[in-house]
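# Coordinate inspection notes
The chain contents come next:
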Amino acid sequence: MDRTGLFGLFNCDGAPPDRAAARLLGLPDAAHGADHVAAVCDLADPGAAQVLDARGTLTLFLGRLDAREDVARALGLASDSSDVALAAAALDRYGAEARTRLDGEWTLARWNGAQLTLVSSLCQRDPLFYAVRGARIAIGADLRQLSRIAWIGDAFDPAGLLMALGRASLREPGDGRTPVIGITALTPGGCVTVDQSGVHAAPPAALPAASDWCGDLDTAMAEAEALLLRIVRQRMIGGSYACMLSGGLDSSLVAWAAAQALGPDEALHFLTSAAATGSRQIDELAEAAIVAAHLGAPHRPVRAAAAPGPYHPDPTLFRDANGPSLDVRHYLYHRFAQETRAAGASQLFDGQFGELTLTNSLPLHAPASPIGMLREALRTRWKPERTPDAADSFHVDLAPHWLTAPPGPLADALRSPPTLPRLPSKDERWGVRPGFAKAARAPASLDLGRVRVAMPFRDPRLIALFASFPAALLYPKTGARTPGRHLLTGKLPDAIRLRGKGPGFAPDYAARLQSDAEDARGRIALYRRAGADEWIDLDALDHGLACAARGATAHHGEAVRVQLTALAGAFIAWWRDMS
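Attention in this report is confined to the structure presented alongside it. (Residues numbered from 1 in each chain as written. Predicted model: local features only at pLDDT ≥ 70, side-chain atom pairs only at ≥ 80, totals over all residues. Heavy atoms only, no water.)

## What about helix α3 (residues 83-94)?
Put simply, the rule is: Each helix corresponds to a stretch of at least 4 residues labelled H or I by DSSP, and each strand to a stretch of at least 2 residues labelled E; elements are numbered beginning at the N terminus. Multiplying 1.5 Å by the residue count of a helix minus one yields the expected span of that helix. Partly exposed describes any residue whose relative accessible area lies between the buried limit of under 20% and the exposed limit of over 50%, with all areas from a 1.4 Å probe on protein chains only and scaled to the type maximum. Every residue pair with non-hydrogen atoms within 4.5 Å of one another is taken to be in contact.
Under the 1.5 Å per step criterion, the end-to-end length of α3 is 16 Å for twelve residues, consistent within 8% with the ideal 16 Å. Among all positions in α3, only D83, V84, L86, A87, A88, A90, L91 and Y94 are buried. Where α3 is buried, its residues meet β3 (49-54), β4 (57-65), α2 (68-75), α4 (98-101), β5 (104-111) and β6 (116-120). At the C-terminal side of α3, G95 shows a positive phi close to 65°.

This is the structure in structure tokens:
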């Protein structure tokens, strides 16, 4: 198998598995049983792939459990029990509730000869897809591999493909629709059982309700610090680690925590996105160097290569994304994966999603005053309500016919104006921010699972702790990012702790969008031959790239839209084996 994941074929009627399909999934002959063939693989952390075959039941487990001793004690098992044994026992005892009782990031598949159960932790560690035809079930981590199985096929599901190109508001919680007809994704926190009677999904799992926490900021941040360090340590599996470091608040918090949690025989390497040599691009090497020197760890710059580029990705991107990619800086993450492995590491710490807890910079919600409410009432009375523009719900320029006649599952969502999320008011608890759903879905690996990405700020325990804190305690002043700066007091220099927002993750991003645009225009003919104009507006793409090439793009949002439309074209050409 050439990627991390769970893979298998199962027959509920006892028939032997399809050997041709097994070869497409890369399953070894040794993994065959009478009515199934299955295997689990982790290219970055082989110990995370575990199998338990006991009493006629096969359990495949991929991931790591946190607080294993506590779990073993609660289940009455030995403290040295394997993760797969603990997870199997937890599923026996708690059923679908195991999703919220087993901390960590993991995926599980269980087969008893008649029924297959698939379960994911609240945050997705690795992708898992399933397809069902009669008594046959196929599972895998690779959408393209599954689509090559004869009884599944690779036809696009219009609603699924457009959802993959659209905003999160188009997808209901727990909706595992993919771009391919008949293939469904196990969603974060999902629990699905499949047998001869059909597919049965448990309701989406949710974080526990916030408690009525009481205390001052010092006490709150002491709890947050202890939990953050525990989370980071639990993500460490031994050996060497890499950590993305910009010298900004989010990455510096994770860098500090990783340095504190490091074991005596472990190594930490800081990686910083750097401007091209000799260019006038602005980067954050100097700020990151301050943090690295303070923490006593080696620090190296990471510069994007000439290829892949922002419009034309490395071919593995779409296998990693399992569909179209919305990652505008994919080419730089490709380099970070390479540099992580060059440093002798297979795990990369990433400070994404700090705004969900420690580093929010937006103002708390301020309820409207009576005068403001009256003004709004008059405005809405005399000003016609704006009809939602369907195009605003997508990250790309779609072919026009999809905007006038969208697939049925999207029609209602497109007719309704999007509900804008708001932060809590000063009288409310911080709560669970809507962005947690996006964080839970974020890919936790690079290079087909050869590099594990650890994102401590999305850990459900940290999210739940902050949900219980009063919003006014955390963010009394807009833009101050009080929790993160308070936690780092005395731990990093004030030049880092108090600095404002930096220039951005990719110093060369804007320049590359312009310099690579004309070359991207040359691939539009390929996209037409691949049939991409059925899905995206290639004339709009050609115009957008022409503007980008001469530096005439209207604004940043338009530049991103053009880039993502080009990536959608590249995906369709790749899917049709024409890239």
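## Section: the environment of Q338
Locating Q338 in the fold gives a position in helix α11 (residues 330-342). Expressed as a C-alpha distance, the spacing of Q338 and T107, which sit 231 residues apart in the sequence, is 26 Å.

## Quick word on the pattern of salt bridges
So the rule is basically this: By definition, a salt bridge exists where a carboxyl oxygen of Asp or Glu is found within 4 Å of a side-chain nitrogen of Lys or Arg.
Across all of its chains, the model carries 41 salt bridges by this definition. Here E97 makes a salt bridge to R101, at a shortest N to O gap of 3.0 Å. On the basis of relative accessibility, which here comes to 43%, the residue E97 falls in the partly exposed class. On the basis of relative accessible area, R101 is assigned to the partly exposed category, the value being 41%. In this structure, R561 and D397 form a salt bridge, with 2.9 Å as the shortest nitrogen-oxygen distance. Placement of R561 in helix α24 (residues 556-575) and of D397 in the loop between α12 (370-382) and α13 (400-404) is noted, with a sequence separation of 164 residues between them. Residue R561 shares its accessibility class with D397, and that shared class is buried. A single network of salt bridges, built from pairs that share partners, joins R144, R148, D154, R576 and D577.

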